[in-house]
Amino acid sequence: MAATNRAPSVVLGMCSFTHDSSAALLVDGELIGFVEEERLSQQKHTKDYPHHAVEWLLEEAGLTAADIDAVAYNFQPARYLAESLAALRLALSPATRDRTLARARGFAKVTLRTQQRTRALGRRFPSARVIPVLHHQAHQLAAFAASGWNESAVLVVDSLGERQTTTIARGQDALHPSARTLEAINDPASLGYVYGAVTEHLGWRRGDEEGTVMALAALGDPERFRHLFARAVRTTPTGFMVDPGYFPPRVLTSGYPRTSRHFITETCPERHPSEPLQDVHRDLAAALQERTEQVMVHLARRARVITRSRRLCVGGGVATNCVSVGRIIEESIFDEVFVPPAPGDAGTAIGAAIAVHTGSRGRRPVSGVARACYLGPSFQDQALDLTPWPDLQQKTLGLETADFLADQLAHGMIVGLFQGQVEAGPRALGNRSILASPLEPGVVERLNATVKFREPFRPFAPMVLAERAGEFFTLGQEAPYMSMASGVTDKARERVPAIVHANGTSRLQTVSRTQNVFMHDVLSAFARLTGVPVLINTSLNVKGKPICGTPEMALDCLANSGLDALLLEGRWITK
């Protein structure tokens, strides 16, 4: 890694080698772009070096690898080593003694591995310094900078960042974002670890299908396991603790279960994915979700007390638990709550780049991050060759595309939409979406069974005109990134019951004209036709596949699913 005395002006932010690889590029503080590697490589949650993402960013900026001044990596190796030494404290307790050495070895091994990864990045960018950034700082800055606010509390809750699992910080300065950690909770107290452990116990993929467990929770009764989770995840005046008798301390090597025999005895055996769901599984999910919400609200209250801020940004993997975020809003702890479009690890590529930029002597303001979600590649001018899909036909639409699409949706068609730049984060926000009318009988069943190929209890999210959201939803604030669950009004229950989940909530996306002109026009046209300014919006993919980032991925999705049509950059494509 070559040393240089001048302030970095070209900073490449990187999330790589763990999961959800991504890259972001800041040039003189301006965000050129950000994209998750899976959107281009078709490998969901890939941990590979994001070469497609980096290649696109460099091309977009007209740069080469030699032009990169700094690579901001989203982990600091030395922090893992600190936890390796601290793991020896587990030997003091009979409940954790058997994991002491394995945990210490695991964290030491990850220290060396992370050092090797930073050196490997240095070889790819010979003119750059590779600067490791504390993981939670990257989360904090990604969340705070995206808010556009000049000051706020910042709560980050995830599974693990080096040794931290939960941090409360104060974010300041919209132009030169900074975040100062005020309190931190270290592993093994980890809400993300617990949620992932139960997700795996219930037969779904940890780190991927926690949302399925959140949806299942609405069908269960938390009473059966309420007291278990109150014991297993105990709140403290400043946060929470996890009982190792239920969830043994994490070991960063395979072969160590995340749930104990005691947990299994008091709940149920592990469910194989092929086994049918039983009431005990629904009740376990319900109790887990209830406790998660309680702890998140507790942490939000703590953030309010120690920051005295009236606004809150939430980041980290647990921030994707939209029901918990909705609960925080309902409690009126803060005047407004914000979740960035990419709250998980992928978004730390942006946060790490900001940390390096603002830490340099350049001090140019950060731009292009606040309230931005359409940050990836666009394919608007690309020629379309349908030869690999001989059963598909296309026609070019005219100027009234939004009206045409609204009319097709009003007549019951389920349509994929591919337009403009790829969204950041795990939610489709109108540029890589599947749209359907919530007024169509049986639409949820049809979407789950023939389009998305997923569990029948999974709900579908609504998108609504921002100016009319209050008619259908009780949230009381904007929700532009589909990251908050809201209560619904009687009008919603009467007119659009298809978008109301079993727990009486909807994970809504409010759409303003400034955010997405085309989707605002489609919703307005649909409202003129039906009287309802609401559409079902789900991501343009099928279960197990990433959101379609390229035209080829979108065409495959149309050809191999129950989609009726695809609107791809003004082209109407049907089977």
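Our subject is the structure that appears above.
Asks: Explain the sheet that holds strand E18 (residues 505-511) here, please?
Replies: For sheets, the rule is that strands pair by backbone hydrogen bonds, running either parallel or antiparallel. The sheet built from nine strands is open, its strands ordered E13-E21-E20-E14-E15-E19-E16-E18-E17 with mixed pairing. Only two strands of the sheet have a single partner each, and these edge strands are strand E13 (393-396) and strand E17 (484-487). Averaged over all pairs of adjacent strands, the angle between their axes in this sheet comes to 35°, without regard to strand direction. Of the pairings in the sheet, the one linking strand E16 (residues 461-465) to strand E19 (residues 534-539) comprises four bridges and is antiparallel in character.

Asks: It is not clear to me how the pattern of salt bridges should be interpreted in this structure. Could you clarify?
Replies: Oppositely charged side chains may form a pair once their charged atoms are brought near each other. Applying the stated criterion across every chain, the model contains 32 salt bridges. One salt bridge in this structure joins glutamate 38 and arginine 39, with 3.2 Å as the shortest N-O distance. The exposure class assigned to glutamate 38 is buried, which follows from its relative accessible area of 8%. Note that glutamate 223 and arginine 226 form a salt bridge whose closest N and O atoms lie 2.6 Å from each other. Owing to a relative accessible area of 31%, arginine 226 belongs among the partly exposed residues under this scheme. The structure contains a network of salt bridges with shared partners spanning Lys44, Arg205, Asp208, Glu209, Glu455, Arg458 and Lys543.

Asks: Mind showing me how you'd approach the pairing of strand E9 (residues 233-236) here?
Replies: Bridge analysis of E9 against strand E10 (residues 239-242) gives four bridges, and the strand direction is antiparallel. Across the sheet, residue arginine 234 finds its bridge partner in E10, namely methionine 241. A loop of two residues connects E9 with E10, the two strands running antiparallel in sequence.

Asks: Please clarify how empty space enclosed by the protein should be interpreted in this entry.
Replies: Over the atoms rolls a probe the size of a water molecule, and in doing so it shows where empty space is left. Scanning the model with the defined rule gives four cavities of 30 Å³ or more in all. In terms of residue class, the lining of the largest cavity is made up of 10 nonpolar, one polar and no charged.

Asks: What exactly am I supposed to notice about the pairing of E19 here?
Replies: Every regular strand shows the same layout, with side chains that alternate between the two sheet faces. Within E19, six of the six residues are buried, leaving the element largely enclosed by the surrounding structure. Residues of E19 alternate between two faces, with Val534, Ile536 and Thr538 on one and Leu535, Asn537 and Ser539 on the opposite face, all of them buried.

Asks: Please clarify how helix H11 (residues 322-330) should be interpreted in this entry.
Replies: Owing to its 3.6 residues per turn, the α-helix aligns residues three or four sequence positions apart on the same side. The element H11 is largely enclosed, with a buried count of seven among its nine residues. Those residues of H11 lying buried are Cys322, Val323, Ser324, Val325, Gly326, Ile328 and Ile329. The secondary structure elements touched by the buried residues of H11 are helix H7 (210-217), helix H10 (279-307), strand E11 (311-315), strand E12 (336-338), E17 and E18. In the stretch just after H11, serine 332 is the one whose phi turns positive, near 55°.

Asks: For this particular structure, what's the right way to read unusual backbone geometry?
Replies: With the exception of glycine, the majority of residues adopt a negative phi angle, and the majority of peptide bonds are in the trans configuration. For the peptide bond that leads from aspartate 187 to proline 188, omega is 15°, which places it in the cis range. Among the structural elements, proline 188 can be located in the loop between strand E8 (178-186) and helix H6 (191-201). The phi dihedral of arginine 308 falls on the positive side, at around 60°, and the residue is not glycine. At methionine 482, a position not held by glycine, the phi torsion is positive, near 55°.

Asks: Help me understand the packing of H6 against H7, please; the structure alone is not making it clear to me.
Replies: Helices that pack against each other are described as a pair by the angle of their axes relative to one another and the distance between those axes. Running from amino to carboxyl end, H6 crosses H7 at an angle of 80°, the nearest separation of the two axes being 9 Å. Between H6 and H7, the angle falls in the class roughly perpendicular. Packed against H6, whose contacting residues are Tyr195, Gly196 and Thr199, the element H7 presents Glu210, Val213 and Met214 at the interface. Grouping the constituent residues of the contact of H6 with H7 by class yields three nonpolar, two polar and one charged.

Conventions adopted
Residues numbered from 1 in each chain as written. Predicted model: local features only at pLDDT ≥ 70, side-chain atom pairs only at ≥ 80, totals over all residues. Heavy atoms only, no water. Pairing = 2+ DSSP bridges. Helix = DSSP H or I, 4+ residues; strand = E, 2+ residues; numbered from the N terminus. Axes fitted to C-alpha atoms, helices over the stretch in contact; angles between N-to-C directions. Salt bridge = Lys/Arg side-chain N within 4 Å of Asp/Glu carboxyl O. Buried < 20%, exposed > 50% of the residue type's maximum accessible area, 1.4 Å probe, protein only. 1 Å grid on protein atoms, 1.4 Å probe; cavity = no way out; pocket = protein on both sides within 12 Å on 5 of 7 lines; lining within 4 Å. Points joined across faces, edges and corners; volume = space filled by probe spheres on them. Nonpolar A, V, L, I, M, F, W, Y, C, P; charged D, E, K, R; others polar. Contact = heavy atoms within 4.5 Å. Parallel < 35°, antiparallel > 145°, perpendicular 65-115°, else oblique.

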